[in-house]
Amino acid sequence: MSQMVYLNGHIDVPKDRIAKVEAALPLHIELSRGEPGCVSFEVVPSTQIEGRFKVAELFVDQAAFEAHQKRTKASAWFKVTEGIPREYEIRVGE
């Protein structure tokens, strides 16, 4: 049986890049949610830290998660957010 892949963390966007990131975010979310194997995909602004966006992803298995990573690396989102610090943990389980 496949194990779900959970990613939780955040991206800290510098003030001078927030507008471009916010403009690119809706399409990134839409495309990610439409991927086969995506159970949930959320990116929301932190209410406590300016420029921080909380990220929570859930995929049905490792293959779906890896397909998401591959697609993302070839996307406009990757270009807009390149070099921006991210911190997250990935957990595999039920």
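Here, every reference points to the structure presented above.
Residues numbered from 1 in each chain as written. Predicted model: local features only at pLDDT ≥ 70, side-chain atom pairs only at ≥ 80, totals over all residues. Heavy atoms only, no water.

By secondary structure assignment, the location of Y6 is in strand β1 (residues 4-12). Under the relative-accessibility criterion, Y6 is labelled buried at 17%. Remark: the alpha-carbon pair of Y6 and A24, spanning 18 residues in sequence, is separated by 23 Å. With residues up to four places along the chain from it excluded, the contact list for Y6 reads E57, L58, E89, I90, R91, G93 and E94. (Helix = DSSP H or I, 4+ residues; strand = E, 2+ residues; numbered from the N terminus. Buried < 20%, exposed > 50% of the residue type's maximum accessible area, 1.4 Å probe, protein only. Contact = heavy atoms within 4.5 Å.)

Proteins that are soluble and globular tend to have nonpolar side chains buried together. Of all hydrophobic cores here, the largest spans 19 residues; its most connected members are I11, V13, L25, F41, V43, F53 and F59. Elements with a contribution of two residues or more to this core: β1, α1 (18-33), β2 (38-45), β3 (52-59) and α2 (62-73). (Core = buried A, V, L, I, M, F, W, Y, C linked by side-chain atoms within 4.5 Å.)

Before going further, it helps to examine the pairing of β2. Pairing geometry for β2 and β3, over seven bridges, is antiparallel. Bridge pairing links V44 to K54 in β3. With antiparallel pairing between neighbouring strands as the criterion, β2 and β3 make up a hairpin whose turn holds six residues, including G51 at a positive phi of roughly 85 degrees. (Pairing = 2+ DSSP bridges.)

A complete count under the given rule lists three salt bridges for this structure. Here D12 makes a salt bridge to R52, at a shortest N to O gap of 2.6 Å. One end of the pair, D12, is in strand β1; the other, R52, is in strand β3, with 40 residues separating them in the sequence. A salt bridge links R71 to E35; the nearest nitrogen and oxygen atoms lie 2.3 Å apart. Here R71, found in helix α2, pairs with E35, found in the loop between α1 and β2; they are 36 residues apart in sequence, far enough to count as distant. For R71, a relative accessible area of 24% translates into the label partly exposed. Judged by relative accessible area, which is 10%, E35 ranks as buried. (Salt bridge = Lys/Arg side-chain N within 4 Å of Asp/Glu carboxyl O.)

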